[in-house]
Amino acid sequence: MPRNSPLSFPCPASPTCTPRISVSPAATGSLGAMELHVLNHPLVEHKLTVLRDKNTPSSTFRELVSELVMLEAYEATRDLSVVSVPIETPVAPMTGKKLAEPRPIIVPVLRAGLGMLDGMTRLIPTAEVGFLGMKRDEEHPTQQITYANRLPEDLSGRQCFLIDPMLATGGTLVAATHYLAERGAKDVTAINIIAAPEGIKYVEEHIDPSIDFKVVVCAVDERLNEKCYIVPGLGDAGDRLYGVID
Ligand SMILES: O=P(O)(O)OC[C@H]1O[C@H](OP(=O)(O)OP(=O)(O)O)[C@H](O)[C@@H]1O
Ligand SMILES: O=c1cc[nH]c(=O)[nH]1
Ligand SMILES: [Mg+2]
């Protein structure tokens, strides 16, 4: 399976582990103008607490992921482009707003990002959906293997929403954004549920600065552990959604 082309950086949690992350040459080592939004809301805190609990079963976990992404999407879609449209209500004519063309695109990062897709498409039913299949190499968690890339050829002028519950080292998010940028995307919003401070820093330092890039999360946790898992986090999001497959 293809690995992302190499860019070395020390894993924040395990300096002996050398990652290989694909970024455009222009982005390497540069500081991007990344906007970070952390939701601060009692409902989000309540749902997140149940989600984190190791005793929460997969069925409830899936429902909560779906609900949380809908709450995050409210913030994440604040800048969606709209156009004015004339309509008539039963009482009077008025000018309303509708989502502009081209339609936004939602890209779940498989597997775990699939758990967020239903919530996003319920909110934006007209959005198109692309797919990226990426998984961390468990032996070298700062490296990813890309096993699927099904994106529209041309993403220029499109508002792109990358969805994935976890932002740990940040390697997956940087590589996923690179795949979008390769196709001309200039407006990318990442919606994650939990982020690690190390990953946020990595993304900030490695995202292509020419991209209008925003990250929306429910919480920023304490740190990464020696296996690059988020602490306290929620464990492996993919496994909790769909079970352990390897
Ligand atoms: O910030 P990073 O250190 O790159 O880690 C985050 C990635 O790890 C998880 O996926 P995983 O590799 O476990 O694949 P899965 O969804 O198939 O379980 C998660 O869903 C992210 O895609
Ligand atoms: O804590 C983590 C880190 C990466 N991926 C997960 O699913 N959980
Ligand atoms: Mg996983």
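Residues numbered from 1 in each chain as written. Chains lettered and ligands numbered in written order. Predicted model: local features only at pLDDT ≥ 70, side-chain atom pairs only at ≥ 80, totals over all residues. Heavy atoms only, no water.

Peer 1: Looking at this model, I keep getting lost on the overall build of the protein. Mind explaining?
Peer 2: Counting secondary structure elements, the protein contains six helices and 15 strands. Here the protein holds 246 residues, and 52% of them are scored as buried. Long-range contacts, defined here as pairs at least 24 residues apart, represent 73% of the contacts in the protein between residues at least 6 apart. A total accessible area of about 11800 Å² is found for the protein, and carbon and sulfur atoms account for 54% of it. (Helix = DSSP H or I, 4+ residues; strand = E, 2+ residues; numbered from the N terminus. Buried < 20%, exposed > 50% of the residue type's maximum accessible area, 1.4 Å probe, protein only. Contact = heavy atoms within 4.5 Å. Areas by Shrake-Rupley, 256 points an atom, 1.4 Å probe, with all protein chains shown as cover.)

Peer 1: In this structure, what is going on with the environment of Gln144? I would like to understand it.
Peer 2: Relative to the elements of secondary structure, Gln144 occurs in strand S7 (residues 140-150). In the structure, Gln144 is positioned 28 residues away from Thr172 in sequence and 6.6 Å away in space, judged by C-alpha atoms. A polar contact of 3.2 Å, which involves the side chain of Gln144, links it to the backbone oxygen of Thr142. (Polar contact = N/O pair within 3.5 Å; in protein donor to acceptor, adjacent residues only side chain to side chain.)

Peer 1: Just checking my understanding: could you explain the site of ligand 1 for this structure?
Peer 2: Around ligand 1 lies a shell of 16 residues, among which Arg136, Asp164, Ala168, Thr169 and Thr172 are the nearest. At a separation of 2.8 Å, an oxygen atom of ligand 1 approaches a polar backbone atom of Ala168. Note that an oxygen atom of ligand 1 is positioned 2.9 Å from one of the backbone N or O atoms of Gly170. Broken down by secondary-structure element, the contributors of at least two residues to the shell around ligand 1 are strand S6 (131-137), strand S9 (166-167) and helix H4 (171-182). Top element by residues in the shell around ligand 1 is S6. It accounts for three residues. Along the lines of polarity and charge, the residues of the shell around ligand 1 split into six nonpolar, five polar and five charged. (Near = heavy atom within 4 Å. Nonpolar A, V, L, I, M, F, W, Y, C, P; charged D, E, K, R; others polar.)

Peer 1: Please clarify how helix H2 (residues 58-76) should be interpreted in this entry.
Peer 2: What sets the pattern is the α-helix's 3.6 residues per turn: residues three or four places apart point alike. Compared with an ideal rise of 1.5 Å per residue, which puts 19 residues at 27 Å, H2 spans 26 Å between its outermost C-alpha atoms and is within 8% of the ideal. Those residues of H2 that fall on the buried side of the exposure criterion are Phe61, Leu64, Val65, Ser66, Leu68, Val69, Glu72, Ala73, Glu75 and Ala76. (Expected span 1.5 Å × (residues − 1).)

Peer 1: Just to check I follow, could you spell out the sheet that holds strand S13 (residues 219-220) for this structure?
Peer 2: Pairing between the strands of a sheet is mediated by backbone hydrogen bonds and can be parallel or antiparallel. The parallel open sheet is built from three strands, whose spatial order is S9-S11-S13. For this open sheet the edge positions go to S9 and S13, each flanked by a neighbour on one side alone. Across two bridges, S9 lies against strand S11 (residues 194-195) in parallel orientation. Directly across from Leu167, in S11, lies its bridge partner Ala195. (Pairing = 2+ DSSP bridges.)

Peer 1: Looking at this structure, I do not really get the UniProt feature "binding site: uracil" (unreviewed entry) in the protein. What am I missing?
Peer 2: Mapped onto this numbering, the UniProt entry annotates "binding site: uracil" (unreviewed entry) at Ile230, Gly235, Asp236 and Ala237. Within the element layout of this structure, Gly235 appears in the loop between strand S15 (230-231) and helix H6 (237-242). Not counting the four nearest positions on each side in its chain, Gly235 is found in contact with Met166 and Tyr229. Structurally, Asp236 can be placed in the loop between S15 and H6. Residue Asp236 is classed as partly exposed on the basis of its relative accessible area of 23%. (UniProt positions renumbered as here; feature names shortened; annotations may be inferred.)

Peer 1: Sorry if this is basic, but what is going on with the site of ligand 2 here?
Peer 2: Around ligand 2 lies a shell formed by Arg136, Met166, Ala168, Cys228, Tyr229, Ile230, Gly235, Asp236 and Ala237. The backbone of Ile230 places a nitrogen or oxygen atom 2.8 Å from an oxygen atom of ligand 2. Interatomic distance of 2.8 Å between a backbone N/O atom of Ala237 and an oxygen atom of ligand 2. Look at ligand 2: alone it shows 240 Å² of surface, and the protein chains cover 89% of it.

Peer 1: When you look at the packing of aromatic side chains in this model, what are you seeing that I'm missing?
Peer 2: Given two aromatic rings, one states the distance between the centres and the angle between the planes to describe the pair. What the rule picks out here adds up to zero aromatic pairs. One residue, Arg136, lies across the ring of Tyr229, its end atom 5.1 Å from the ring centre. (Phe/Tyr/Trp six-rings, centres within 6.5 Å; stacked < 30°, edge-to-face > 60°. Lys NZ or Arg CZ within 6 Å of the ring centre and 35° of its normal.)

Peer 1: What am I meant to see in the nonpolar core here?
Peer 2: One broad trend across soluble globular proteins is that nonpolar side chains are buried collectively. One finds Leu48, Leu51, Met120, Ile191 and Ile193 to be the most contacted residues of the largest nonpolar core, which totals 35 residues. Residue assignment for this core shows that the elements contributing at least two residues are helix H1 (42-52), H2, helix H3 (117-123), strand S8 (159-163) and H6. When residues no more than four places from it in sequence are discounted, the contact partners of Ile193 are Leu48, Leu51, Val65, Leu68, Glu72, Met116, Asp164, Pro165, Val217, Cys218 and Ala219. (Core = buried A, V, L, I, M, F, W, Y, C linked by side-chain atoms within 4.5 Å.)

Peer 1: Just checking my understanding: could you explain the pairing of strand S12 (residues 212-217) for this structure?
Peer 2: Side-chain direction in a regular strand flips from residue to residue, so the side chains alternate between the two faces of the sheet. Counting buried positions along S12 gives five out of six residues, so the element sits mostly inside the fold. Looking at chain direction, strand S10 (residues 187-191) and S12 are connected through five bridges and run parallel. Pairing of Asp187 across the sheet is with Asp212, part of S12.

Peer 1: So what exactly am I meant to see when it comes to the pattern of salt bridges here?
Peer 2: Close approach of charged atoms allows side chains with opposite charge to pair. Scanning the model with the defined rule gives ten salt bridges in all. For Asp221, the salt bridge identified is with Arg52, shortest N-O distance 2.7 Å. Separated by 169 residues along the polypeptide, Asp221 in the loop between S13 and strand S14 (223-224) and Arg52 in helix H1 bring together distant segments of the chain. Note on Arg52: relative accessible area 23%, which makes it partly exposed. Among the ionic pairs, Glu75 bridges to Arg78, the shortest N-O distance being 3.4 Å. (Salt bridge = Lys/Arg side-chain N within 4 Å of Asp/Glu carboxyl O.)

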